[in-house]
Amino acid sequence: MNERLPREPDPPSMGERVGIFGGTFNPIHFGHLRSAEVIREAFQLDRVYFVPAARPPHKEGEHLAAPVHRLRMVELAVAGNPFFAVSTVELEREGKSYSVDTIRYFRTVFRPGALFFILGIDAFLEIHSWKDFADIPALCHVIVTSRPGITMPPRDRFLPVALQAAFWYDSACDLYRHKTGHMIVSYEIEGLNISASTIREKIRQGKSVRYLVPPAVESYMAEHALYQARGVLRC
Ligand code: ATP
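Remember, predicted model here, so these are calculated numbers, not experimental data.

Thresholds applied
- Residues numbered from 1 in each chain as written.
- Predicted model: local features only at pLDDT ≥ 70, side-chain atom pairs only at ≥ 80, totals over all residues.
- Heavy atoms only, no water.
- Near = heavy atom within 4 Å.
- Polar contact = N/O pair within 3.5 Å; in protein donor to acceptor, adjacent residues only side chain to side chain.
- Areas by Shrake-Rupley, 256 points an atom, 1.4 Å probe, with all protein chains shown as cover.
- Helix = DSSP H or I, 4+ residues; strand = E, 2+ residues; numbered from the N terminus.
- Nonpolar A, V, L, I, M, F, W, Y, C, P; charged D, E, K, R; others polar.
- Buried < 20%, exposed > 50% of the residue type's maximum accessible area, 1.4 Å probe, protein only.
- Arc of directions from axis to C-beta.
- Contact = heavy atoms within 4.5 Å.
- Salt bridge = Lys/Arg side-chain N within 4 Å of Asp/Glu carboxyl O.
- Core = buried A, V, L, I, M, F, W, Y, C linked by side-chain atoms within 4.5 Å.
- Pairing = 2+ DSSP bridges.

K.L.:
Explain the site of the ligand to me, please; I cannot follow it from the model alone.
P.N.:
In the vicinity of the ligand there are 22 residues, among which K59, D122, R147, A196 and S197 approach most closely. S197 has a polar side-chain atom sitting 2.6 Å from an oxygen atom of the ligand. When the ligand sits alone it has 610 Å² of accessible area, and the protein chains cover 92% of it. Elements with a minimum of two residues in the shell around the ligand: β1 (18–23), α1 (30–42), β4 (115–120), α5 (121–124) and α8 (196–204). The residue inventory of the shell around the ligand, partitioned by class, reads 7 nonpolar, 10 polar and 5 charged.

See below:
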């Protein structure tokens, strides 16, 4: 048992391929789960770690459920899938939750070349504003997934300017390569048009979120009155 990845049963061995899927998960929904499953299958990942952000730098001011609630919902959502696990690393770290720090941490545990950082195109298009963003593809592979409603940029405008010098385009494989051997690859998924913000809004309006989140997550949110409007009289 690897003591360095708490609450992760049966961690993969050093030779395995590991996905890191960070997010606010406020709350986790079927769009996240389906995306992770498609990527796991396509890239033959042995394990995908969902990493809830405790203090996401880009989501300040949003209605953010307490980290412990978001963590619990992720745990409930991935339960029963032997390929999915949850990492609490960002909840145990002080300060803001920067992805690069998480990836550096995973690199202390897993071999070079084993890590695949998964993020949606909406997040990737803002990566130039992330802490030490240029270090991320130097530390691991990066998989950028499509997301319904967001157009994938054309190949020649896909990489942020600040990353372009460090990569070359491998036309045979249709991906970008870094001198470390890591790749940045975009992957079109048949995505589910679900977002956490629309789920929160539905709950605030007292509407159903059934079939948008796993039943256990739906029950948890109801039990803890998450995202509900306060002071609204229902008649
Ligand atoms: P919000 O609506 O509050 O902004 P969100 O639904 O985008 O939240 P996040 O936790 O911010 O969820 O997303 C974590 C990661 O999951 C991001 O990389 C994002 O691009 C990706 N993602 C979120 N929803 C989907 C979806 N429906 N399909 C594919 N990827 C998604």
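K.L.:
Whenever I open this one, α8 confuses me. Can you help?
P.N.:
Note that an α-helix has 3.6 residues per turn; residues three or four places apart therefore point the same way. The complete set of buried residues in α8 reads A196, I199, R200 and I203. Along the long axis of α8, the arc covered by the buried residues comes to 100 degrees, so they all point the same way. Where α8 is buried, its residues touch α9 (215–223). Downstream of α8 by a residue or two, G206 has a phi angle that is positive, lying close to 75 degrees.

K.L.:
Quick question: what am I supposed to make of the pattern of salt bridges here?
P.N.:
Between side chains of opposite charge, a pair can form when the charged atoms approach closely. A complete count under the given rule lists 9 salt bridges for this structure. As a salt-bridge pair, R104 and D135 come within 2.7 Å of each other at their nearest N and O atoms. With R104 in helix α4 (residues 99–109) and D135 in the loop between α5 and α6 (136–139), this pair connects stretches of sequence that are 31 residues apart.

K.L.:
Mind showing me how you'd approach the nonpolar core here?
P.N.:
In globular proteins that are soluble, nonpolar side chains generally tend to be buried together. Counting residues in hydrophobic clusters, the biggest one holds 37 residues, and the most contacted among them are I28, V48, F50, M73, I199 and M221. Elements supplying a minimum of two residues to this core: α1, β2 (47–52), α2 (67–78), β3 (84–86), β4, β8 (183–187), α8 and α9. The dominant element in this core, judged by the number of residues it contributes, is α2, at 5 residues. Those residues within four positions of F50 in sequence are excluded, and the remaining contacts are F21, F25, I28, L33, A36, V74, V78, F84, A85, V86 and S87. Formed by 33 residues, the second largest nonpolar core is a distinct cluster that contains V89, A114, L119 and F124.

K.L.:
Explain the pairing of strand β7 (residues 175–178) here, please?
P.N.:
Both faces of the sheet carry side chains from a regular strand, because those side chains alternate between them. Across 4 bridges, the pairing between strand β6 (residues 167–170) and β7 is antiparallel. Following the sheet pairing, W168 is matched in β7 by R177. Between β6 and β7, which pair antiparallel in sequence order, lie 4 residues; one of them, D174, sits at a positive phi of approximately 55 degrees. Bridge count between β7 and β8: 2 bridges; the pairing is antiparallel. By the bridge assignment, R177 is partnered in β8 with M183. Hairpin connection, β7 to β8: the antiparallel pair is bridged by 4 residues, and G181 has positive phi, about 100 degrees.

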